[in-house]
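Here is what each chain is made of, one letter per residue.
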Amino acid sequence: MRKMTSLMLALMLTTAMPQAYAADVDAKGAETLRQTVEDSMAYPKALAEHNMEGLTLGGPVTVTPKDGYYEVRLPDVVLKAPNVYALKIGTIVANMSPGEDGSYMTTLALPSPIEIDDGKGAKVGDITIGSQHFTGTWRPDLATLTQMDAEYKDVSAKSSGETPLSITIPDIKSTMDLKKDGPDTWSGPISVDMNGLAVSGQGPMVGDIEAKLARLQLASTVNKMNLTARKTAQDKLIEAIKQSSPDGAQTSPEDASKITASMMTAATGYLDGMDTTYGIEGLDMTFNPPKDADPAAKPLHVTLGKFTSHAKTAGLQSDKGSANATLNFADFGFDGGGPKDILADAIPASGNLDIAFANLPMKTMGETLTNAVSQVVQSSFSEHAMPDTPGDIAARAAMRQQASMQMMSSLATIPAALASAGATVKISDTHFDAKELTTKLDGEFAASMTSPLKAVGHLDLSFVGLDELLQKVQALSQAPDSSPHLMGAAQWLSILQMMGQVEKSPDGRTVRVFKFELTPEGQPMMNGQPMGQVMGAAGSMMQAHKPPPQ
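A quick note: this is a predicted structure, and the numbers were derived from the prediction, not measured. As a convention, each chain's residues are numbered from 1 in the sequence order in which they are written. For a predicted model such as this one, the threshold for reporting local features is a pLDDT of at least 70, and the threshold for listing and counting side-chain atom pairs is 80 or more; totals across whole chains, interfaces and linings nevertheless cover every residue. Note: side-chain values were computed over all heavy atoms of the structure, leaving out hydrogens and water.

**Some words on unusual backbone geometry**
Put simply, S112 and P113 share a cis peptide bond, and its omega is 5 degrees. Among the secondary structure elements, P113 is positioned in the loop between β5 (104-109) and β6 (114-117). For D76, which is not glycine, the phi torsion reads 45 degrees and is therefore positive. Structurally, the position occupied by D76 is in strand β3 (residues 70-80). Only protein chains enter the area calculation, which uses a 1.4 Å probe; residues under 20% of their type maximum are buried, those over 50% are exposed, and those in between are partly exposed. Given the relative accessible area of 46%, D76 is considered partly exposed. Counting from the N terminus, the helices are the DSSP runs of H or I reaching at least four residues and the strands are the DSSP runs of E reaching at least two.

Following this line, the structure appears as structure tokens:
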């Protein structure tokens, strides 16, 4: 379903188009708009023509002047997904009103139903839309939307055949409101909100599937998105696609390298920052065994009350950039249908991860990556241009080796850039909480050119309740009818217990602590001992606990 949704959104972004303006609507304007729409489709059509995902039309675009707007018809639209399926959208009709700044206020409706085929012409399902609303502001010079307000209700997708699948979504909303804040840059919020997703299906191998998701939200704010650079990257990719075809077989290595460098420069200069929050609520999934499975097989039930991820990047066009990520989940449940043992209480039901990168030389790293990839592309084109004769085998191998060395030489400058910028990574407020075991993690590392490992810092990992959990597992593993995996779990917990330093938590439970360190001299340490010695001792303990051969 995620691919279907992505394809539908891609179609909207391709065909939808800012504030209405009382401009003349005439035949000349219709021809200009027709050519503009055709040009905007060059990118998705180029992808589709080379057996990738993209858009194709069954005929020419037509534009008809109406009373204050243009009627744009896109005939027999098909949206391809690579090696999976195609969506036969049908003819899309859009009403487009010209704006003062060269933009168009657009409304459109997707046909319903939309047929899904297997990419070979055979129908495998369809998508229906109960009701829909879509308005958008399209910039033809940038071939993209800058504003959008869309809502789709009672959306369903159903497949047929040996593995029927049904997906229903009562409501999907999507908005975009980008404002120009520079000669080529735009900033603003983008959001998607989906409610009441339900999935049901069956198959001979996986059994029945029932899943519900109360809500999915995606809210993002982009900062100084360079839409001109985005358009340039698309144009360069089209050029590269054409040159990769038989007609472009004589493309020079230098030209290929320049195209690649231009694409990479546009991609790395696409935006200056982004703040994105993604979340789901009320996930409930049940996997029933296949009909021909073991009669004793039980359903698998997974629940998740809430999951949230937050990522923020800033300063992507500078050498003092930052990136932060937080993941949080609560009320996770897992039930395999079998007898519940103590290890089930060691699976985290909630947790949090917080990681922050500071002083990242984003601009320098982007330039370095661009140079490295361009060198590889130029070498590859040079190699393919050589005659395929026995005498050239050694020359081809030498060229490949030289390209590899050049790329490694370029990438080898990144540690120095990180150290010069004072790059750091910090992990804090990170914990995973289960009934019987709590895991905590925190630490900080800094890039360093003086260290042989190019970094110094520490990482502290602790398990609260490990000893108490081990005691319970050992006791249960001695029971006559205990599960064999309990004994194996007891052995691994015993090794962790012996390797960790002992502390006490405020609630009286034992804490096993593992203090990892990268010293300025380049020595990895754990709990004050060289890592090599610790790993050797761990290997000996594992061997000692290895069960005898049967």
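**Overview of the nonpolar core**
Residue types Ala, Val, Leu, Ile, Met, Phe, Trp, Tyr and Cys, when buried and joined through side-chain atoms within 4.5 Å, form a set referred to as a nonpolar core. Ranked by size, the top nonpolar core spans 60 residues in total, and within it L33, V72, L74 and L87 carry the most contacts. Ranked by the residues each element gives to this core, the list is headed by strand β8 (residues 144-159), at six residues. Core analysis: the next-biggest nonpolar cluster, separate from the first, contains 17 residues, F463, L470, L486 and A490 among them.

**Details of the packing of helix α9 (residues 466-477) against helix α10 (residues 484-499)**
A pair of packed helices is characterised by two quantities: the angle between their axes and the separation of those axes. Helix axes are fitted only over the stretch in contact, all axes being lines through C-alpha atoms; the angle between N-to-C directions runs from 0 to 180 degrees. Their axes nearest at 9 Å, the elements α9 and α10 cross at an angle of 150 degrees. Relative to α10, α9 is oriented roughly antiparallel. The crossing of α9 and α10 is left-handed. Taken together, the residues of α10 that come into contact with α9 (itself represented by L466, D467, L469, L470, V473, Q474, L476 and S477) are L486, M487, A489, A490, L493, S494, L496 and Q497. Split by residue class, the contact of α9 with α10 holds 11 nonpolar, four polar and one charged. For classification purposes, angles smaller than 35 degrees are called roughly parallel, those larger than 145 roughly antiparallel, those between 65 and 115 roughly perpendicular, and all remaining angles oblique. By definition, turning the near helix anticlockwise from the far helix through less than a right angle yields a left-handed crossing, and turning it clockwise yields a right-handed one. By the convention used here, residues are in contact when the closest approach between their heavy atoms is within 4.5 Å. Classification convention: Asp, Glu, Lys, Arg as charged; Ala, Val, Leu, Ile, Met, Phe, Trp, Tyr, Cys, Pro as nonpolar; all other residues, Gly among them, as polar.

**Here we look at the pairing of strand β21 (residues 510-518)**
The sheet contact formed by strand β19 (residues 455-464) and β21 spans eight bridges and is antiparallel. Bridged to S462 within β21 is V513. Pairing of strand β20 (residues 501-504) with β21, which is carried by four bridges, proceeds in the antiparallel orientation. Note on β21: the bridge partner recorded for V502 is R512. Note that β21 and strand β22 (residues 524-526) share three bridges and pair antiparallel. The partner of E517 across the bridge, within β22, is M525. Any two strands are treated as partners once DSSP identifies two or more bridges connecting them. Linking β21 back to β22 in an antiparallel pair, the connection comprises five residues, with G522 at a positive phi of about 85 degrees.

**Side note on the packing of aromatic side chains**
Any pair of Phe, Tyr and Trp rings, taking the six-membered ring for Trp, is counted once the centres come within 6.5 Å. Such a pair is stacked with planes under 30 degrees apart, edge-to-face with planes over 60 apart, and tilted for the rest. The tally for this structure, following the rule as stated, stands at four aromatic pairs. With a centroid separation of 6.4 Å and 65 degrees between ring planes, the pair formed by Y278 and F307 is classed as edge-to-face. Here Y278 is found in strand β13 (residues 273-287), whereas its partner F307 is found in strand β14 (residues 300-314), with 29 residues between them in sequence. Residue classification places Y278 among the partly exposed residues on the basis of a relative accessible area of 29%. Residues F463 and F514 carry aromatic rings whose centres are separated by 5.9 Å and whose planes lie at 85 degrees to one another, so their mutual orientation is edge-to-face. Here the residue F463 occupies a position in strand β19, and F514 occupies one in strand β21, the gap between them amounting to 51 residues. Given a relative accessible area of 13%, F463 falls into the buried group.

**Comments concerning the packing of helix α2 (residues 27-40) against helix α3 (residues 42-49)**
Contact geometry of α2 with α3 gives a least axis separation of 5 Å together with a crossing angle of 45 degrees. One finds that α2 runs oblique with respect to α3. Contact residues: E38, D39 and S40 in α2; A42, Y43, P44 and K45 in α3.

Honestly, that's just the spatial picture; any functional story needs more than this.
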